[in-house]
Amino acid sequence: MKKYSGFSLFKHSLSHHENWQAAWRSPQPKKQYDVIIVGGGGHGLATAYYLAKVHGITNVAVLEKGYLGGGNTARNTTIVRSNYLWDEASKLYDHSLDLWKDLSQDLNYNVMFSQRGVLNLGHNLQDMRDIERRVNANRLNGIDGVVLNTAEVKEIVPVINDSQDIRYPVLGASWQATGGVARHDAVAWGFARGADSFGVDLIQQCEVTDIVTEEGAIVGVQTTQGFIGANKVACVTAGNSGVMAAMVGLRLPIESRPLQALVSEPVKPIIDTVVMSNAVHAYVSQSDKGDLVIGAGTDSYNGYGQRGSFHVVEHTLSAICELFPMFSRVRMNRAWGGVVDTCPDACPIVSKTSIKGLYFNCGWGTGGFKATPGSGHVFAHTLAHDEAHPLAAPFSLDRFNTGHLIDEHGAAGVAH
């Protein structure tokens, strides 16, 4: 192990970070692009990366009104799983899980993907019936999953309260061993650096104020840095998709709501998996730093504010402390909120629109982070070919006219 003298440490403390090599360029926007992606979060950056890498389309700009990865990508609890109920959803999320497994190697950037497993708890007989149905459906699609009883849950998470006298007794759970967590900002940075290496322009502090069309077709966008032309515009603006659609007179079947999460002070390793409870809208894992990462449910009102109601967090923490009594002695460090957009069937929209050259990728609700690589991969195919990827085809906007909905409320979790 290399040792540093006191002088060496002092010398490095005075080094100028402005001389470090930038992870990606900060270019001025060009006048015209083949594709403009609105939204520089995980899904938008992944779309740009796969457009360039898989389809060879590199004349692409990602426009972000703030900083890359500063929206919902930075405001989530980083859970990755694919144990959804219906074939269409489970196959899309499992495609994403397959990409997660090799993502660090693909990007040459450590996204800290940790397959520590995901437990979905059941607290009553109906929960357990739903769990058995979902696990059986998963296994028919080749997705790993088993049904556990109370003792088996206790074996995986010894600190859980297995008393049958609590409000939410643990009767069992589903267990997906291949699920886990990843580092949210590393995912954004890895995709950003990868897209930039192919020549994609990543333009921050560039808010889109209007989507410009002529004769029913896209011609570009108006931004705070001026007009930028393009024949294709892809909106990947979680939480604000309805606002973007309204710029061209579209009304999407989505609602935007605040979603809250919080982290504790660091503690010694105590829980090495993800524990979720759909019934009480609470889920918890432990980060590599030792923080307890706790997620709550969505607020019941629609809005674009990144601040939720106190009673939602209060309900979540009371449930967490009942399941894990020792956590009641842990201080919370900080809480935050994001804005999620949800569809009536708790599944996303990955689709062309009635306006030529305009595409939307939205409605992921609380399930967006886990889908990041898969969403970008199939959306890039849709943009490149102007035709839905087979895995994305069921998530077209048309399903709200045809009635071919994919009701994932039971397996989606809190909002999604």
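Refer to the preceding data block for the structure.
The notes below deal with the structure included here. For clarity, every value in this text was computed on a predicted model and none was experimentally measured. (Residues numbered from 1 in each chain as written. Predicted model: local features only at pLDDT ≥ 70, side-chain atom pairs only at ≥ 80, totals over all residues. Heavy atoms only, no water.)

Quick look at the overall build of the protein
Now for step 1: Assigned secondary structure in the protein consists of twelve helices and 18 strands.
Now for step 2: The C-alpha atoms of the protein give a radius of gyration of 22 Å, which matches the 22 Å a tight globule of 416 residues would have.
Now for step 3: Across its three principal directions, the C-alpha atoms of the protein cover 70 × 65 × 40 Å.
Now for step 4: A buried classification covers 56% of the 416 residues belonging to the protein.
Now for step 5: Only carbon and sulfur atoms are counted for the fraction: they give 51% of the accessible area of the protein, which is about 18,500 Å².
Now for step 6: In the protein, 34 side chains carry a positive charge and 39 a negative one; their mean positions are 7 Å apart. (Helix = DSSP H or I, 4+ residues; strand = E, 2+ residues; numbered from the N terminus. Rg over C-alpha atoms; globule rule 2.2 N^0.38 Å. Buried < 20%, exposed > 50% of the residue type's maximum accessible area, 1.4 Å probe, protein only. Areas by Shrake-Rupley, 256 points an atom, 1.4 Å probe, with all protein chains shown as cover. Lys, Arg positive; Asp, Glu negative; His and termini not counted. Charge placed at Lys NZ, Arg CZ, Asp CG, Glu CD.)

Here's the deal with the packing of aromatic side chains
Now for step 1: The full count for this structure, using the stated rule, is nine aromatic pairs.
Now for step 2: Judged by centre distance (5.2 Å) and plane angle (70 degrees), the ring pair of Tyr 49 and Tyr 50 falls under edge-to-face. Both residues of the pair, Tyr 49 and Tyr 50, belong to the buried class.
Now for step 3: Every member of this aromatic cluster is reached through a ring pair, and the members are Tyr 49, Tyr 50, Phe 191 and Phe 198. (Phe/Tyr/Trp six-rings, centres within 6.5 Å; stacked < 30°, edge-to-face > 60°.)

Some details on the packing of helix α3 (residues 87–101) against helix α10 (residues 372–385)
Now for step 1: Their axes nearest at 7 Å, the elements α3 and α10 cross at an angle of 110 degrees. One element, α3, and the other, α10, form an angle in the roughly perpendicular class. Contact residues: α3 offers Leu 92, His 95, Ser 96, Leu 99 and Trp 100, while α10 offers Thr 372, Pro 373, Gly 374, His 377 and Val 378.
Now for step 2: Looking at the contact of α3 with α10, its residues break down into five nonpolar, five polar and no charged. (Axes fitted to C-alpha atoms, helices over the stretch in contact; angles between N-to-C directions. Parallel < 35°, antiparallel > 145°, perpendicular 65-115°, else oblique. Contact = heavy atoms within 4.5 Å. Nonpolar A, V, L, I, M, F, W, Y, C, P; charged D, E, K, R; others polar.)

Some points on the state of the cysteines
Now for step 1: Following the criterion strictly, the structure yields zero disulfides and no others.
Now for step 2: Cys 343 takes part in no disulfide bond, and the closest cysteine sulfur, belonging to Cys 362, lies 5.9 Å away. (Disulfide = S-S within 2.5 Å.)

Examining the pattern of salt bridges
Now for step 1: Applying the stated criterion to the full structure yields eleven salt bridges.
Now for step 2: One salt bridge in this structure joins Arg 25 and Asp 196, with 3.0 Å as the shortest N-O distance. Residue Arg 25 is found in the loop between α1 (6–13) and β1 (32–38), and its partner Asp 196 is found in helix α7 (residues 184–197); the two are separated by 171 residues along the sequence.
Now for step 3: Overall, Arg 25 belongs to the partly exposed group, its relative accessible area being 34%.
Now for step 4: As a salt-bridge pair, Lys 53 and Asp 106 come within 2.2 Å of each other at their nearest N and O atoms. (Salt bridge = Lys/Arg side-chain N within 4 Å of Asp/Glu carboxyl O.)

Describing the packing of helix α2 (residues 42–55) against α10
Now for step 1: Between α2 and α10, the shortest axis-to-axis distance is 7 Å and the interhelical angle comes to 55 degrees. Considered as vectors, α2 and α10 are oriented oblique to each other. Our pair here, α2 against α10, has a crossing hand that is right-handed. Residues Gly 42, His 43, Ala 46, Thr 47, Tyr 50, Leu 51 and His 55 of α2 touch α10, and the partners they reach there are Thr 372, Pro 373, Ser 375, Gly 376, His 377, Phe 379, Ala 380, His 381, Leu 383, Ala 384 and His 385.
Now for step 2: When the residues that make up the contact of α2 with α10 are grouped by side-chain class, the tally is eight nonpolar, ten polar and no charged. (Left-handed = near helix turned anticlockwise from the far one by under 90°.)

As for the environment of Val 312
Now for step 1: With respect to the helices and strands, the residue Val 312 is situated in helix α9 (residues 310–323).
Now for step 2: Spatially, the C-alpha atoms of Val 312 and Gly 290 are 24 Å apart, while their sequence positions differ by 22 residues.

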